[in-house]
Amino acid sequence: MKTALITGISGQDGSYLAELLLAKGYQVHGLIRRSSTFNTSRIQHLYQDPHTPNPRLSLTYGDLTDEGAVIRLVERIQPDEIYNLAAQSHVRVSFDSPGYTADVTARGTLNLLECIRHSGKRTRFYQASSSEMFGLVQETPQRETTPFYPRSPYAVSKMFAHWMTVNYREAYDIFACSGILFNHESPRRGETFVTRKITRAAARIKLGLEDVLYLGNLDARRDWGFAGDYVEAMWMMLQQDAPDDYVVATGETHTVRDFLDVTFDHLGLDWRKHVKIDPRYFRPTEVDLLLGDSTRAREKLGWAPRVRFQELAKMMADADLAAESRICKSEGRI
Ligand code: NAP
Ligand code: G4F
C-alpha cells in the first residue's frame with residue numbers, strides 16, 4: 001500500500017485529492033492547522049462515521065512554517081508521495097499579508113523539499129504551482145515555456161516555490177513535479193473566491209436572503225476548470241517514469257461577467273439588478289487574462305478536463321441553492 005502526505009488536505013483540492021487517493025487504496029496522511037473553529041468540513045465525509053475514523057486517513061496538527069513539525073511528520077510516516085497543496089492561496093489577501101504569504105507559500109515549500117533531500121527515501125513530490133505566475137502574460141495561450149511575470153506577493157511566492165522544486169529536481173535528483181494549474185473551482189471552493197462568491201450570493205438572492213452582491217473587476221478573464229478533474233492530473237504527474245512540469249487548463253477563457261451571466265440565468269435572475277462594484281475588491285496589480293495550453297498534460301499524461309465552463313457554474317449554483325435551502329428549512333424559514 002502506498003503512503004501519501006497531503007498538506008492543505010482541509011482545502012478544496014486537498015479534499016478531492018484525499019478522496020481520489022483513498023479510492024486508489026493509499027494510506028493518506030494530512031497536515032491540518034489548529035483553528036478556533038472546525039476546519040475539516042470538506043473531509044468530514046471521508047471518515048466512516050464521526051466517531052470511528054477511517055483507518056487509512058490520518059490527520060496531524062501542524063503548520064507548514066513549523067520546520068520541526070514538518071520534519072517529524074515526514075520522518076514518522078515515510079511517505080512515497082507528498083502533495084504540497086498548503087498555501088495562503090488568496091491573491092487579494094497576499095497584498096495585505098505579503099510576509100505571511102511568503103512564509104507559508106514560498107518558504108513552506110522549501111521546508112518540505114529539505115525534508116525529502118535529507119530523508120534518503122525516494123519520496124515523490126508534487127508542488128501546487130499556479131497560472132498566477134504568468135501574471136502580465138507574455139504570450140497567449142500560456143504554456144510551460146511561457147516566461148513568468150508575477151503580479152502579486154502570492155504569485156511571487158509561488159514562483160519561488162516553483163523554481164525551488166525545479167532546482168531540487170536538477171540538483172539532488174528528486175522526483176519533483178510542478179503542476180501549473182489554472183483556476184479550478186467546485187462546490188467546495190472557498191467562499192471568498194469570485195466564482196463561489198457569485199454562486200452563493202445568487203442562491204441567497206433567489207431565496208430572498210440578500211439582495212446585493214458587491215464585486216470588483218468584472219472584465220478579468222480566467223480559464224476555469226473543475227477541481228475534481230485537476231487533482232487527477234496531480235496524481236498522474238507522480239506516476240510517470242520521469243518528473244516534469246505541466247500546465248493544467250481547459251483551453252477556454254471567460255470573463256467574470258460571463259460567470260455572472262450563466263449563474264444568474266440558471267437561477268432565473270438578472271445579475272444587473274443585484275451587482276454593485278466595490279473598489280475594495282480591485283487589486284493593486286491585476287491579472288487581466290489567463291488562458292492555458294495543456295497539450296503536454298494531454299499528450300504525456302493522457303489527462304483531459306471533463307467539466308466545461310457552463311456545467312461548472314451550474315453545478316456550483318445548484319449546490320449552493322440546495323445548501324442555502326437546507327439552512328432555511330432547518331431554521332423554519334421555508
Ligand atoms: P484552499 O482551499 O485555500 O486550501 C489551502 C489549504 O492550505 C487549506 O487546507 C489551508 O488550511 C492550508 N494552509 C494554509 N496555510 C497553511 C499553513 N501555514 N500550514 C498548513 N496548512 C496551511 O486552496 P485550493 O484551492 O485547494 O488550492 C490548493 C493549492 O493549489 C494552493 O497551494 C493554491 O495556492 C494552489 N492553486 C490553486 C488553484 C485554484 O484555482 N484553486 C490554482 C492554482 C494553484 P485551512 O483549511 O486551515 O485554511
Ligand atoms: O477568484 P479569484 O480571487 O481568483 P484568482 O485571483 O484568479 O486566484 C485563484 O486562482 C489562481 C490560479 O490562477 C490560484 F493560484 C489562486 O490560489 C486562486 O485560487 O479572482 C478571479 C478574478 C480576479 O481577476 C479578481 O480581480 O475575479 C476578480 N474579481 C472580481 N470581483 C474578484 C471579485 N475576485 C474576488 N476574489 N472577489 C471579488 O469580489
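Residues numbered from 1 in each chain as written. Chains lettered and ligands numbered in written order. Predicted model: local features only at pLDDT ≥ 70, side-chain atom pairs only at ≥ 80, totals over all residues. Heavy atoms only, no water.

(A) Structural detail: helix H8 (residues 256–266). Among the residues of H8, Val256, Phe259, Leu260, Val262, Thr263 and Phe264 are the ones counted as buried. Structurally, H8 contributes buried residues whose contacts are with helix H6 (194–206), strand E8 (213–215), strand E12 (254–255), strand E13 (275–277) and helix H10 (309–330). Directly beyond the C-terminal end of H8, a positive phi value near 70 degrees is found at Gly268. (Buried < 20%, exposed > 50% of the residue type's maximum accessible area, 1.4 Å probe, protein only. Helix = DSSP H or I, 4+ residues; strand = E, 2+ residues; numbered from the N terminus. Contact = heavy atoms within 4.5 Å.)

(B) Structural view of the site of ligand 1. The full set close to ligand 1 counts 25 residues, and Ser10, Asp13, Arg33, Ser89 and Tyr154 are the nearest of them. A distance of 3.0 Å separates an oxygen atom of ligand 1 from a polar atom in the side chain of Asn39. Between His184 and ligand 1, the recorded distance is 2.9 Å, taken from a backbone N or O atom to an oxygen atom. For ligand 1, whose accessible area on its own is 900 Å², the fraction buried by protein is 90%. Put simply, the parts of the chain that give the shell around ligand 1 at least two residues each are helix H1 (12–23), helix H4 (98–119), strand E5 (124–130) and helix H5 (153–172). With three residues, E5 is the largest single contributor of residues to the shell around ligand 1. A per-class count over the shell around ligand 1 returns 10 nonpolar, 10 polar and five charged. (Near = heavy atom within 4 Å. Polar contact = N/O pair within 3.5 Å; in protein donor to acceptor, adjacent residues only side chain to side chain. Areas by Shrake-Rupley, 256 points an atom, 1.4 Å probe, with all protein chains shown as cover. Nonpolar A, V, L, I, M, F, W, Y, C, P; charged D, E, K, R; others polar.)

(C) The arrangement of the site of ligand 2 in detail. The environment of ligand 2 is made up of 24 residues, and the closest members are Ser130, Ser131, Tyr154, Arg283 and Glu286. In this structure, Ser89 approaches ligand 2 through a main-chain N or O atom, which is 2.7 Å from an oxygen atom. Contact with the protein chains covers 96% of the free accessible surface of ligand 2, which is 710 Å². Those elements that provide at least two residues to the shell around ligand 2 are H6 and E8. In terms of residue class, the shell around ligand 2 is built from 10 nonpolar, eight polar and six charged. Residue-level mapping places the shell around ligand 2 at the junction of two domains, with at least three residues from each of domain 1 (3–185 + 224–248) and domain 2 (194–221 + 253–288 + 308–330). (Domains from an automatic or database assignment.)

(D) Structural detail: the sheet that holds strand E6 (residues 176–181). The strand order across the open sheet built from seven strands is E3-E2-E1-E4-E5-E6-E11, with neighbouring strands paired in parallel fashion. At either margin of the open sheet sits one strand with a lone partner, and together these are strand E3 (57–61) and strand E11 (245–248). Strand-to-strand, the axes of this sheet are offset by a mean angle of 20 degrees, without reference to chain direction. The pairing of E5 with E6 spans six bridges and is parallel. In the sheet register, Tyr126 faces E6, and the bridge partner there is Cys177. Taken strand by strand, H1 contacts strand E1 (3–7), strand E2 (27–32), E3 and strand E4 (81–84), and its axis lies near 175 degrees from that of E1. Contacting E5, E6 and E11, H5 runs over the sheet at an angle of about 150 degrees to E5. (Pairing = 2+ DSSP bridges. Axes fitted to C-alpha atoms, helices over the stretch in contact; angles between N-to-C directions.)

(E) Up close: the domain arrangement of the protein chain. Splitting the protein chain by domain gives domain 1 (3–185 + 224–248) and domain 2 (194–221 + 253–288 + 308–330). Distance between the C-alpha centres of domain 1 and domain 2: 27 Å. With 11 residues of domain 1 at the interface, the matching set in domain 2 holds 17 residues. With both chains or domains summed, domain 1 and domain 2 bury close to 1200 Å², and 66% of this area falls on carbon and sulfur atoms. Summed over the shared surface of domain 1 and domain 2, the number is five residue pairs in polar contact (both at pLDDT 80 or more). Looking at the side of domain 1 that touches domain 2, the elements that each hand over two or more residues are helix H3 (91–96) and strand E10 (225–226). (Buried area = accessible area lost by both parts, 1.4 Å probe.)

(F) Layout of the side chain of His254. As for its placement among the helices and strands, His254 is situated in strand E12. Note on His254: relative accessible area 17%, which makes it buried.

(G) Up close: the pattern of salt bridges. One pass over the structure, following the stated rule, counts 28 salt bridges. Here Glu185 makes a salt bridge to Arg189, at a shortest N to O gap of 2.7 Å. A relative accessible area of 14% places Arg189 in the buried class. When the shortest N-O distance is used, the salt bridge between Glu286 and Arg222 registers 3.7 Å. Of this pair, Glu286 sits in the loop between E13 and helix H9 (295–301) while Arg222 sits in strand E9 (residues 221–222), and the two are 64 residues apart along the sequence. Comparing Glu286 with Arg222, the two get one shared label, buried. Counted as one network, the salt bridges with shared partners bring together Glu191, Arg196, Arg200, Arg204, Glu210, Asp320 and Glu324. (Salt bridge = Lys/Arg side-chain N within 4 Å of Asp/Glu carboxyl O.)

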